[in-house]
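What follows is each chain in one-letter form.
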Amino acid sequence: LKCFPDHARANSLIGIAYYVTAESVAIPALMSDPKYRQAVNERNRLYTLARPYLEAYRRNAPADADSWAPMLYQVYLNLNLGPEFEEISKYLK
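Novice: Sorry if this is basic, but what is going on with the overall build of the chain here?
Specialist: Assigned secondary structure in the chain consists of four helices and zero strands. Listed by position from the N terminus, the elements making up the chain come as α-α-α-α. By its C-alpha atoms, the chain is 45 × 30 × 20 Å across when sized along the principal axes. A buried classification covers 37% of the 93 residues belonging to the chain. Across the chain, every contact between residues at least 6 apart in sequence was considered, and the portion connecting residues at least 24 apart equals 51%. About 6000 Å² of surface is accessible on the chain, with carbon and sulfur atoms providing 57% of the total. Here the chain contributes 11 positively and 10 negatively charged side chains, and the mean placements of these two sets differ by 4 Å.

Set out below in structure tokens:
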């Protein structure tokens, strides 16, 4: 990524790694669980780390919406990014 900052594949792999890690965070079913807030914060931290790489992937590979759109949809949804969420919804089938 340092050598080729606009390389779509590099950004996608980093973004996907953060995204998959965020998705793997176990969120307790009950909001009253003491670990609920901690798990949500960790998941959102990972989504925040994934976001710039997934957005770069989108910019560098706009025709590959089937790959980046579902991930960005989840990132924007979970981070409560309303305008971005509405905009990305257009790319989902």
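Further notes follow.
Novice: Is there a simple way to explain the nonpolar core in this structure?
Specialist: Inside soluble globular proteins, nonpolar side chains tend to come together where they are buried. Of all hydrophobic cores here, the largest spans 20 residues; its most connected members are Tyr19, Tyr47, Leu54, Trp68, Leu72, Val75 and Tyr76. Secondary structure elements with two or more residues in this core: helix H1 (8-23), helix H2 (36-60), helix H3 (65-78) and helix H4 (82-88). The dominant element in this core, judged by the number of residues it contributes, is H3, at seven residues. Those residues in contact with Leu54 that sit more than four places away from it in its chain are Gly15, Ile16, Tyr19, Met71, Leu72 and Val75.

Novice: Sorry if this is basic, but what is going on with the packing of aromatic side chains here?
Specialist: Both the distance between ring centres and the angle between the ring planes are used here to describe each pair of aromatic rings. Counted according to the given criterion, the structure contains four aromatic pairs. Geometrically, the ring pair formed by Tyr19 and Tyr47 is tilted, given 5.9 Å between the ring centres and 45° between the ring planes. Note that Tyr19 is positioned in helix H1 and Tyr47 in helix H2, a separation of 28 residues in sequence. Tyr19 gets classed as buried once you look at its relative accessible area, which sits at 12%. Centre to centre, the rings of Tyr73 and Phe85 are 4.7 Å apart; their planes meet at 40°, and the pair counts as tilted. Highlighted residues: Tyr73 in helix H3 and Phe85 in helix H4, separated in sequence by twelve residues. The exposure class of Phe85 is buried, given its relative accessible area of 17%.

Novice: Can you help me understand H1 in this one?
Specialist: For an α-helix, the turn length of 3.6 residues means that residues three or four places apart are oriented alike. Taking 1.5 Å as the rise per residue, H1 with 16 residues should run 22 Å; its terminal C-alpha atoms sit 22 Å apart, in good agreement. Every buried residue of H1 is accounted for by Ala8, Ala10, Asn11, Ser12, Gly15, Tyr19 and Ala22. Check the buried side of H1 and you find it contacts H2 and H3.

Rules and cut-offs
- Residues numbered from 1 in each chain as written.
- Predicted model: local features only at pLDDT ≥ 70, side-chain atom pairs only at ≥ 80, totals over all residues.
- Heavy atoms only, no water.
- Helix = DSSP H or I, 4+ residues; strand = E, 2+ residues; numbered from the N terminus.
- Buried < 20%, exposed > 50% of the residue type's maximum accessible area, 1.4 Å probe, protein only.
- Contact = heavy atoms within 4.5 Å.
- Areas by Shrake-Rupley, 256 points an atom, 1.4 Å probe, with all protein chains shown as cover.
- Lys, Arg positive; Asp, Glu negative; His and termini not counted.
- Charge placed at Lys NZ, Arg CZ, Asp CG, Glu CD.
- Core = buried A, V, L, I, M, F, W, Y, C linked by side-chain atoms within 4.5 Å.
- Phe/Tyr/Trp six-rings, centres within 6.5 Å; stacked < 30°, edge-to-face > 60°.
- Expected span 1.5 Å × (residues − 1).

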